[in-house]
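Okay, here's what each chain looks like letter by letter:
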Amino acid sequence: MYDIQQIRADFPILSRQVYKRPLIYLDNGATTQKPLCVLDAMREEYLNVNANVHRGVHYLSQQATDLHEAARETVRQYINAEKTEEIVFTRGTTEAINLVASSFCDACVGEGDEIIVSAMEHHSNIVSWQLQAQKRGARLRVIPMSDDGVLDLEAYRKLFNEHTRIVSVAHVSNVLGVINPVEEIIKIAHENNVPIMIDGAQSAPHFAVDVRKLDCDFFAFSGHKMYGPTGIGVLYGKEKWLDRLPPYQGGGEMIDKVSFEKTTFAELPFKFEAGTPDYVATHGLATAIKYINSIGLDNIRKHEQELTDYCVSELSALGDVRIYGHAAESDAVVSFNVGNIHHLDIGTLLDRLGIAVRTGHHCAQPLMDRLGIAGTVRASFGLYNTREEVDAFVAGVDRVRKMF
């Protein structure tokens with residue numbers, strides 16, 4: 001049984017008021033709220049186990065190291081990676097993508113080479129590759145998308161040639177909620193002997209991800225979108241690729257031996273973890289993962305899907321509401337506009353009703369250009385949202401609609 005009231009009790013912020021109205025938080029695609037267990041775990045470590053990891057022989061350092069590496073194992077299990085050496089801690093999905101873009105392009109991309117992305121990517125999965133391509137005289141090729149937000153896989157197949165070096169696509173669109181057929185996308189890349197990176201920022205919090213079953217070469221996600229702390233994320237990479245790629249940054253922790261003539265680098269995953277890691281945040285992330293597992297990803301997926309489908313149905317019934325890209329395979333996001341009302345106006349007025357949504361281009365301007373719009377209103381759901389909140393949200397949208 002999905003005990004929504006017990007779950008909500010774990011998130012004290014949900015009981016606060018905004019403008020003297022109960023907070024309805026529907027901006028989970030941007031960041032999620034944090035349960036008490038995560039906050040308590042991090043506070044406990046700062047109070048009792050705070051010491052730099054991997055470097056000390058003293059008791060606190062060894063304790064902190066044990067917690068940090070236990071978190072790596074928790075992440076490994078969560079995405080079913082083969083070994084902890086394939087789990088690199090980063091500051092988030094954006095840094096993970098930048099890491100792969102920089103190191104992969106250093107090793108494998110030159111003038112005239114090509115990188116494939118899709119029309120629905122977040123800016124972090126466009127600009128990171130653009131910056132590296134511009135340095136090397138390479139270029140981006142783009143998988144086209146239908147009006148419904150479905151990637152054209154036949155056109156994707158035709159993008160490959162002898163210059164294709166890597167593919168990088170989103171598992172789930174942060175704007176449309178569309179779940180891309182990444183199994184097929186990965187298979188096509190591998191048929192062409194090209195590695196592929198999956199941006200899992202919008203998938204890892206919502207349903208089970210098995211990187212071995214997917215057979216992706218790289219996978220990235222963020223802690224703050226899955227009820228964990230900000231400033232921590234994960235890059236999964238197949239060992240063969242992480243071994244091959246050069247370090248992303250230099251400094252302590254990532255070295256084996258340093259001299260002024262030559263430096264050799266540490267073994268995986270430490271080669272990619274220069275400097276002091278946020279070892280308290282990794283413990284917080286592990287606690288968040290355990291919290292998610294205690295509820296069950298299948299239960300979360302079912303709950304969020306019911307809310308999303310209900311929201312789409314109720315919004316559609318209002319009339320003059322345009323919902324973007326809510327395809328058959330979609331997840332926890334509803335992006336829409338109402339008549340000729342500016343999305344910012346809708347978001348601002350909803351805020352005065354205590355309803356938090358996201359408005360704008362959602363760091364996906366090429367996607368907005370493809371749809372011929374400037375932006376949308378986006379409601380995104382988490383494991384603690386309720387049907388009653390959807391009702392209040394739809395009533396708020398209707399109220400705004402009638403005002404205009």
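My aim in this report is to walk through the structure given alongside it, one point at a time.

Procedures and definitions
Residues numbered from 1 in each chain as written. Predicted model: local features only at pLDDT ≥ 70, side-chain atom pairs only at ≥ 80, totals over all residues. Heavy atoms only, no water. Pairing = 2+ DSSP bridges. Helix = DSSP H or I, 4+ residues; strand = E, 2+ residues; numbered from the N terminus. Axes fitted to C-alpha atoms, helices over the stretch in contact; angles between N-to-C directions. Contact = heavy atoms within 4.5 Å. Buried < 20%, exposed > 50% of the residue type's maximum accessible area, 1.4 Å probe, protein only. Salt bridge = Lys/Arg side-chain N within 4 Å of Asp/Glu carboxyl O.

**Regarding the sheet that holds strand β16 (residues 358–360)**
Right, on to step 1. Reading across from one edge, β13-β14-β17-β16 is the order of the four strands in this open sheet, with antiparallel pairing throughout. At either end of the open sheet lies a strand with only one pairing partner, and these are β13 (321–323) and β16. Geometrically, the sheet is characterised by an average inter-axis angle of 30 degrees between neighbouring strands, direction not taken into account.
Right, on to step 2. Sheet topology note: the β16/strand β17 (residues 376–380) ladder contains three bridges and is antiparallel. Residue threonine 359 lies in a different strand from β17, and its bridge partner there is valine 377.
Right, on to step 3. With respect to the sheet, helix α12 (residues 343–352) is in contact with β14 (333–338), β16 and β17, its orientation differing from that of β16 by roughly 160 degrees.

**Digging into the environment of asparagine 48**
Right, on to step 1. Within the secondary structure layout, asparagine 48 lies in helix α2 (residues 36–48).
Right, on to step 2. A relative accessible area of 42% means that asparagine 48 is categorised as partly exposed.
Right, on to step 3. Counting along the chain gives twelve residues from asparagine 48 to leucine 60, while the straight-line C-alpha distance between them is 8.3 Å.
Right, on to step 4. Aside from chain neighbours lying at most four places away, what touches asparagine 48 is Leu60 and Gln63.

**So, the pattern of salt bridges**
Right, on to step 1. Inspection of every chain in the model, using the stated rule, returns 22 salt bridges.
Right, on to step 2. Of the charged contacts in the structure, one is a salt bridge between glutamate 273 and arginine 72, with a shortest N-O distance of 2.8 Å. Taken as a pair, glutamate 273 in the loop between β12 (263–265) and α10 (279–295) and arginine 72 in helix α3 (residues 59–79) lie far apart in primary sequence, 201 residues in all. Arginine 72 shares its class with glutamate 273; the two are buried.
Right, on to step 3. One salt bridge in this structure joins glutamate 154 and arginine 157, with 3.6 Å as the shortest N-O distance. Here the residue glutamate 154 and the residue arginine 157 both occupy positions in helix α6 (residues 153–158), the gap between them amounting to three residues, near one helical turn.
Right, on to step 4. Among the residues examined, arginine 157 registers a relative accessible area of 33% and is labelled partly exposed.
Right, on to step 5. Salt bridges linked by common partners bring Glu154, Arg157, Glu184 and Glu191 together as one network.

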